[in-house]
Amino acid sequence: MSGTTGTDTTGTGTTGTGTAPAGGPGTRDTGTIRLGDRTRGEATDDTTRYAPEWLQLREGADASARAAELLDPLRIRLANLPRRSGGFVIHDLGCGTGSMGRWLAPRLDGPQHWVLHDRDPYLLHFAAVGSPRSAADGSRVTVETQRGDVGRLTADALAGASLVTASALLDVLDADEIEALAAACAGAGCPALLTLSVVGRVELTPAHPLDAEITEAFNDHQRRGDLLGPEALSTACDAFSRHGATVRVHPSAWRLGPDESALTAEWLRGWVGAAVEQRPELAARAADYLDERLAACAAGELNVVVHHSDLLALARPAGGV
């Protein structure tokens, strides 16, 4: 979800659903708690957090969904960067519990130093403790944490960076924040791998007459305030392109079947809950819909595809290298 600015309602990163079961994944029938309606600015003890249990629940689906097809062009760019004694410096924005590092670090050769960014010190602790220790070739991987608002990132903050990463982040940013991110990467001359952005499409099998209405309401919820929701990906592509980056996009859908029933159930609760929050007039019909969908999920009779896309932006190296 890893992305932890705004509300992680990934239908994704979320993104994620922005929900987790009260008491953790083992108590799905006791209701849900809302996670991730975070205030702008620095996190405080009163700031709503993403539950590590939710981020752990979705980590396997995230790992399976991320577009491995973007790794070869990324590796080529990294191989052409000037060699540093400490290896690659990778900034992971909105790192959550560190799932991106656990996925990517073992897929890259060479020593790596990960800088984990999040506003939530609680999640930063989990990310640091759970970080990988070795790269694909056995080289050392080290980490440090930085607490702060990734929406205020600057090129100076990325000085010396080899790569910027994030998961389920773009769709909880506004246009100014995406522009700032693209400008910062361009100014630092570093590529960006931004995964698991929602694109506004969900497929449920078997189909239900209310699917389309719930999807539309959820997408509107993603766009509340100044957030871009499903439009974030195209906005980011435009922003990085304007700043001279070569942009590649690849699908990265969650494909949830009977083996992912716990995740599917929590995603359903958050997805439907956000739709009803956006359109309260849906409440009665949505309650029956959710009951039917949860029953089908428990019986192993529901399959869900939540569409996301991954973006690789290859900025022009700083100094024209």
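Description of the structure in this document. Here the structure is a predicted model, which is why all the values come from computation and not from measurement.

1. Quick look at the overall build of the protein chain
Right, on to step 1. Counting secondary structure elements, the protein chain contains nine helices and ten strands.
Right, on to step 2. A burial count over the protein chain gives 57% of its 321 residues as buried.
Right, on to step 3. Surface exposure of the protein chain reaches about 12,600 Å², of which carbon and sulfur atoms provide 50%.

2. Brief notes about the side chain of Ser-197
Right, on to step 1. Inspection of the secondary structure puts Ser-197 in strand S7 (residues 192-205).
Right, on to step 2. Residues in contact with Ser-197, not counting those within four places in the same chain, are Leu-170, Asp-171, Leu-233, His-307, His-308 and Ser-309.

3. Section: the side chain of Asp-174
Right, on to step 1. Within the fold, Asp-174 resides in the loop between strand S6 (163-167) and helix H5 (175-188).
Right, on to step 2. At 2.8 Å, the side chain of Asp-174 and the backbone nitrogen of Glu-177 are in polar contact.
Right, on to step 3. Those residues within four positions of Asp-174 in sequence are excluded, and the remaining contacts are Asp-226, Leu-227 and Leu-228.

4. Side note on the packing of aromatic side chains
Right, on to step 1. Summed over the entire model, instances satisfying the criterion amount to three aromatic pairs.
Right, on to step 2. Ring centres of Tyr-122 and Phe-126 lie 5.2 Å apart, and the angle between their planes is 85 degrees; on these two criteria the pair is classed as edge-to-face. In this pair, Tyr-122 and Phe-126 are both assigned in helix H4 (residues 121-129), four residues apart and thus about one turn of the helix distant.
Right, on to step 3. Members of the aromatic cluster, joined through ring pairs, are Trp-267, Trp-271 and Tyr-289.

5. Regarding the environment of Leu-302
Right, on to step 1. Relative to the helices and strands, Leu-302 is located in the loop between helix H9 (283-298) and strand S10 (303-314).
Right, on to step 2. Residues Leu-302 and Thr-205, spaced 97 residues apart in sequence, show a C-alpha to C-alpha distance of 5.8 Å.
Right, on to step 3. Beyond its immediate sequence surroundings of up to four residues, Leu-302 is in contact with Leu-204, Thr-205, Pro-206, Leu-256, Gly-257, Pro-258, Thr-264, Leu-268, Arg-293, Ala-296 and Cys-297.

6. Details of unusual backbone geometry
Right, on to step 1. Following Thr-205, the chain continues to Pro-206 via a peptide bond in cis, the omega torsion being 5 degrees.
Right, on to step 2. Within the fold, Pro-206 resides in the loop between S7 and helix H6 (211-222).
Right, on to step 3. Backbone geometry places Ala-168, a non-glycine residue, at a positive phi of 50 degrees.
Right, on to step 4. Looking at where Ala-168 falls in the secondary structure, it is placed in the loop between S6 and H5.
Right, on to step 5. Judged by relative accessible area, which is 0%, Ala-168 ranks as buried.
Right, on to step 6. The phi angle at Leu-196 is positive, at roughly 60 degrees, despite the residue not being glycine.
Right, on to step 7. Along the chain, the position of Leu-196 falls in strand S7.
Right, on to step 8. A relative accessible area of 0% means that Leu-196 is categorised as buried.

Criteria and thresholds
- Residues numbered from 1 in each chain as written.
- Predicted model: local features only at pLDDT ≥ 70, side-chain atom pairs only at ≥ 80, totals over all residues.
- Heavy atoms only, no water.
- Helix = DSSP H or I, 4+ residues; strand = E, 2+ residues; numbered from the N terminus.
- Buried < 20%, exposed > 50% of the residue type's maximum accessible area, 1.4 Å probe, protein only.
- Areas by Shrake-Rupley, 256 points an atom, 1.4 Å probe, with all protein chains shown as cover.
- Contact = heavy atoms within 4.5 Å.
- Polar contact = N/O pair within 3.5 Å; in protein donor to acceptor, adjacent residues only side chain to side chain.
- Phe/Tyr/Trp six-rings, centres within 6.5 Å; stacked < 30°, edge-to-face > 60°.

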